[in-house]
Amino acid sequence: MSTSPPRARHRSLTPAAIETLFERLAALDPEPRTELLYASDFQLLVAVVLSAQSTDVGVNKVTRVLFARAPTPAAMLALGETELARRIGSLGLFRIKARNVIALSRLLLERHDGAVPRTREALQALPGVGRKTANVVLNVAFGEPTIAVDTHIFRVANRTGLAPGQDVDAVEAGLLARVPAAFRQHAHHWLILHGRYVCKARKPDCVHCALRDLCLWPQKPMVPASA
């Protein structure tokens, strides 16, 4: 990752504070869901691959039309790389993504009878599928308590002191070690949504943050007592 947000000077939240943090996130949103639109495991996999360096809003705009035309691996393969690239041209890295989606569709048909595999190893053997994408699919499609560390989770984990780390692998390991088991299933989405809408990169909304008193971020602004 090329840039890192300011970290909590390597301070870490206590286990009690972490428990409280997730209790509050759970109270605000008991059943968090991905904001990507999909109607099958295959569509989820494609949507996550397309989401690299793109917003969920942008991906959903593309896939609403794409999945109506190519909802399955066979239909996607029949669509072809050139036509797929044309349809996803508004997304970053669209040519590479088109190549990967066509290739993974072919491999799903050849190796998995068109089904999305349920293991990390098999998922990561597909073109365009790295650890983060595999974690998302395992969590959302198959209910595995994985945590996919994107830029939002990386920022929140470091800012708050939840799981400080120099890179995404360190943060993922820290989160898996520190997030209580009762909260691990939904931790991925709680942290993404918190980073997307509250603990934003440029202008974090500390005044309205439910975690403000727990957060160890040294640049956290002072908030008047009446706020």
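Residues numbered from 1 in each chain as written. Predicted model: local features only at pLDDT ≥ 70, side-chain atom pairs only at ≥ 80, totals over all residues. Heavy atoms only, no water.

## Topic: the pattern of salt bridges
At step 1: Applying the stated criterion to the full structure yields eight salt bridges.
At step 2: The residue R33 makes a salt bridge to E31 at a minimum N-O spacing of 3.5 Å.
At step 3: The exposed category is assigned to R33, whose relative accessible area is 52%.
At step 4: A relative accessible area of 48% means that E31 is categorised as partly exposed.
At step 5: With a closest N to O distance of 2.5 Å, R196 and E35 form a salt bridge. Taken as a pair, R196 in helix α11 (residues 184-197) and E35 in the loop between α1 (15-28) and α2 (41-50) lie far apart in primary sequence, 161 residues in all.
At step 6: The exposure class of R196 is partly exposed, given its relative accessible area of 22%.
At step 7: Sharing partners across several salt bridges, the network here consists of E35, D56 and R196. (Salt bridge = Lys/Arg side-chain N within 4 Å of Asp/Glu carboxyl O. Buried < 20%, exposed > 50% of the residue type's maximum accessible area, 1.4 Å probe, protein only. Helix = DSSP H or I, 4+ residues; strand = E, 2+ residues; numbered from the N terminus.)

## Quick word on helix α10 (residues 168-178)
At step 1: Among all positions of α10, only V171, E172, G174 and L175 are buried. Down the axis of α10, the buried side of the element spans an arc of 165 degrees, and every buried residue falls inside it. Exposed and oriented more than 90 degrees from the buried face of α10 are D169 and A177.
At step 2: Its side-chain oxygen 3.2 Å from the backbone nitrogen of D169, D167 forms the N-cap of α10. (Arc of directions from axis to C-beta. Polar contact = N/O pair within 3.5 Å; in protein donor to acceptor, adjacent residues only side chain to side chain.)

## Concerning the state of the cysteines
At step 1: Inspection of the entire model under this criterion finds zero disulfides.
At step 2: Note on C206: no disulfide assigned, nearest cysteine sulfur contributed by C209 at a separation of 6.5 Å.
At step 3: The buried category is assigned to C206, whose relative accessible area is 9%. (Disulfide = S-S within 2.5 Å.)

## Looking at the side chain of N60
At step 1: Residue placement: N60 occurs in helix α3 (residues 56-69).
At step 2: Sequence-distant contacts of N60, defined by excluding residues within four places in its chain, comprise E35, L36 and L37. (Contact = heavy atoms within 4.5 Å.)

## Brief notes about the side chain of T146
At step 1: Mapped onto the fold, T146 is located in the loop between α8 (131-142) and α9 (151-160).
At step 2: For T146, a relative accessible area of 9% puts it in the buried group.
At step 3: Look past the residues within four positions of T146 in its chain and what remains in contact with it is R120, N135, L138, N139, R184 and H188.

## A look at the packing of α2 against α3
At step 1: One can describe the packing of α2 onto α3 by two numbers: an axis separation of 10 Å at closest approach and a directional angle of 140 degrees. Considering the angle they form, α2 stands oblique to α3. Crossing handedness for the pair α2 and α3: right-handed. Along its contact with α2, which presents Q43, V46, A47 and L50, the element α3 presents V59, T63, L66 and F67.
At step 2: Partitioning the contact of α2 with α3 into residue classes produces six nonpolar, two polar and no charged. (Axes fitted to C-alpha atoms, helices over the stretch in contact; angles between N-to-C directions. Parallel < 35°, antiparallel > 145°, perpendicular 65-115°, else oblique. Left-handed = near helix turned anticlockwise from the far one by under 90°. Nonpolar A, V, L, I, M, F, W, Y, C, P; charged D, E, K, R; others polar.)

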